[in-house]
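Fold and contact review
This is what each chain is made of:
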Amino acid sequence: MSEQPGLLSSVGVREYWDGRHARVGDLRSGGNLAYDEATNGILYAVRLGRLLELMGFGAAPEAPLDVLDAGCGKGYFARGVAACGHRVDAIDASLSALEGAARRGSGPHWAQSTLADWRPTHLYDVVYCIDVLFHVVEREEWSRSVCNLADLVRVGGTLILTDVDVPSERVFGNYQVARPLRAYAEAVAPRGLVHVGSTPDGFRATDMMFHVFGRRG
Amino acid sequence: MALRLADLVVDHRPPGAMVGVSGGPLGELADLAGLPADAVVPAEALNGGSEPVLLVLVQAGELTAASGEGLERDLSRMSTGSAALFLLRDAVEDISWPSLVSSAVRRGCQVVDVAPLSGMPAHRSAVIVRRDAALRPPLAYLAARPAGHVVVEDQLRLGLRFAGELAFVSVQERALRARAERLAMEVDELRRRVRAAEISLAEQRERERAAVSALKSSRSYRTGRALAGVRRPAGLLRLPVRLARALRRQAPARE
């Protein structure tokens, strides 16, 4: 059941994304439906650049960064990050998205999981979650998801989350709930992470922000 | 690629800090560090200062007791807020680090990062050591970061976090090292079997080659070849001569 009238339930959102990944082409399926495929290509490339900038420009394939792409969709960012020499685990709840990701190339380790249920046996240097958390509409699941991702960051590591820059919680359509930076900071603070900075994704007049958190304890 | 010395200097040099070099040629290291020659001085010249400095310590050979003492001497030159880049010949996975950590701790310093190094002819890794007034989280691995001290007020929480991560990383490292050793032994055993199979195959080939050779020199074979060669009348005329030649030859004992 969804918490607010008109919003899809968590199960409904997952079914929506599974269908959308199966139905809609390469980048639009996980990107912005208002843009065509080519414009989504630019959007994704700009965001990958911003992500790499936040992760740092060092790479060492002999001792790589351990990275988690949480909610990888068809794997554009995961493949891009892996191509830069990092070791990437990429998870998504949608099987059709993961099948599409696997078809498009190897490199990352693909696995089906929700954000809240991923239980690896190691920590990550970088955990990132791009354009996913505002689709987790139920507050309880959103909270469990953010906390689980925070727990996977090693001391000195980085958590990168994106959401629409809003002053307070705001609902878009029937499957998006944007939360303010404050909500994220309050959710991860008890897990030992502090807000390091926020930066816009840099694509057109966007209000999408990359929020960066670092583990300090 | 891994990080260059210039990247590490940009990341770890305290603002406005002098750069002291120990164990390497000043001019060459200034070039590699992306610094003007007059910004680099011998580490001994920094003795006694209270300003933060950046030391670039170049390890010439393997880590030894003497090099550990040299490292401690250099670290003792560092005031609070200073950092040292200890350049090693080993790749990150081959660093013999226990005594290095002991040296740093004995001098009140913390190892905050270890990075693969590129662009230097004889050095493959850099250990970043800092002297701070308090424990600090390790730096984000391979990432550029601003120089300066990340203040963590809750030192107990940070210590608990270090201890918790160390407990799990240690036990998993033990398991992984044991697994790697088992796999290495399995690989050795498989290589030994492949070598034995190759030797056995070569011996078998040699035996078969000898058997074929013996067969070809036998009377029966030569007689058979002579008979098989008769396909035309002219061949029939030459048959007695060929048979006589084949029978005159000494047949091998195995016939």
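Predicted model, so just to flag it, every value in this text is computed and none were measured. (Residues numbered from 1 in each chain as written. Chains lettered and ligands numbered in written order. Predicted model: local features only at pLDDT ≥ 70, side-chain atom pairs only at ≥ 80, totals over all residues.)

As a further point, take the overall build of chain A. Each helix and strand counted, chain A has six helices and nine strands in total. A compact globule built from 217 residues should have a C-alpha radius of gyration of about 17 Å, and chain A, at 16 Å, falls within 12% of that. Projected onto its principal axes, the C-alpha coordinates of chain A cover approximately 50 × 40 × 35 Å. Of all 217 residues assigned to chain A, the portion counted as buried reaches 44%. (Helix = DSSP H or I, 4+ residues; strand = E, 2+ residues; numbered from the N terminus. Rg over C-alpha atoms; globule rule 2.2 N^0.38 Å. Buried ≥ 20, exposed ≤ 12 C-beta atoms within 10 Å, placed from the backbone.)

Another point: the domain arrangement of chain B. Under the domain assignment, chain B is made up of domain 1 (5–152), domain 2 (153–209) and domain 3 (217–250). Placing a centre on the C-alpha atoms of domain 1 of chain B and another on those of domain 3 of chain B gives a separation of 88 Å. (Domains from an automatic or database assignment.)

Residue and element names in this part refer to chain B. The sheet built from six strands is open, its strands ordered β2-β1-β3-β4-β6-β5 with mixed pairing. Only two strands of the sheet have a single partner each, and these edge strands are β2 (40–42) and β5 (110–116). Ignoring strand direction, the axes of neighbouring strands in this sheet form an average angle of 25 degrees. In this sheet, strand β6 (residues 125–130) lies alongside strand β4 (residues 83–88) in antiparallel orientation, the contact comprising six bridges. Each residue of the ladder has a partner; that of Leu-87, found in β6, is Ala-126. (Pairing = 2+ DSSP bridges. Axes fitted to C-alpha atoms, helices over the stretch in contact; angles between N-to-C directions.)

Bringing the nonpolar core into the picture now. Ranked by size, the top nonpolar core spans 101 residues in total, and within it Val-127 and Leu-159 of chain A together with Val-56 and Phe-86 of chain B carry the most contacts. With residues up to four places along the chain from it excluded, the contact list for Leu-159 of chain A reads Val-127, Leu-149, Ala-150, Val-153, Val-188, Leu-193 and Phe-213 of chain A. (Core = buried A, V, L, I, M, F, W, Y, C linked by C-beta atoms within 7 Å. Contact = placed C-beta atoms within 7 Å.)

When pLDDT is averaged across chain B, the result is 87; 94% of the residues are at 70 or more. Quick note on the complex model: pTM equals 0.81, ipTM equals 0.78. (pLDDT = per-residue confidence, 0-100.)

Contact residues are listed per partner, giving 21 residues for chain A and 23 residues for chain B. Top element by residues in the side of chain A that touches chain B is strand β5 (residues 153–164) of chain A. It accounts for five residues. Grouping the constituent residues of the side of chain A that touches chain B by class yields eight nonpolar, eight polar and five charged. (Nonpolar A, V, L, I, M, F, W, Y, C, P; charged D, E, K, R; others polar.)

We now examine the pairing of strand β3 (residues 53–58) of chain B. Residue and element names in this part refer to chain B. Most of β3 sits out of view: six of its six residues are buried. Across five bridges, the pairing between strand β1 (residues 18–22) and β3 is parallel. For Met-18, the partnering residue across the bridge sits in β3 and is Val-53. Examined bridge by bridge, β3 and β4 share five bridges and lie parallel to one another. Bridge pairing in β4 places Leu-54 opposite Ala-83. Handedness of the β3-helix α3 (residues 65–75)-β4 crossover: right-handed. (Right-handed = clockwise from strand over helix to strand, strands pointing away.)

Residues and elements named next belong to chain B. Put simply, α3 and helix α4 (residues 98–106) touch, their axes get as near as 9 Å, and they point 30 degrees apart. When the axis of α3 is compared with that of α4, the two are roughly parallel. Crossing of α3 over α4 shows right-handed handedness. Contact with α3, carried on its side by Gly-68, Leu-71, Glu-72 and Leu-75, involves Ser-99, Ser-103, Ala-104 and Arg-106 of α4 and no other residues of that element. (Parallel < 35°, antiparallel > 145°, perpendicular 65-115°, else oblique. Left-handed = near helix turned anticlockwise from the far one by under 90°.)

To continue, consider helix α5 (residues 155–216) of chain B. Along its 62 residues, α5 of chain B runs 88 Å from first to last C-alpha, staying within 8% of the 92 Å computed at 1.5 Å per residue. In terms of burial, α5 of chain B is a largely surface element, two of the 62 residues being buried. (Expected span 1.5 Å × (residues − 1).)

Our next topic: the environment of Ser-198 of chain A. Residues and elements named next belong to chain A. Mapping Ser-198 onto the fold places it in strand β8 (residues 193–200). On the basis of neighbour counts, which here come to 17 C-beta atoms within 10 Å, the residue Ser-198 falls in the partly exposed class. Contact partners of Ser-198, with chain neighbours within four places excluded, come to Leu-181, Met-209, Phe-210, His-211 and Val-212.

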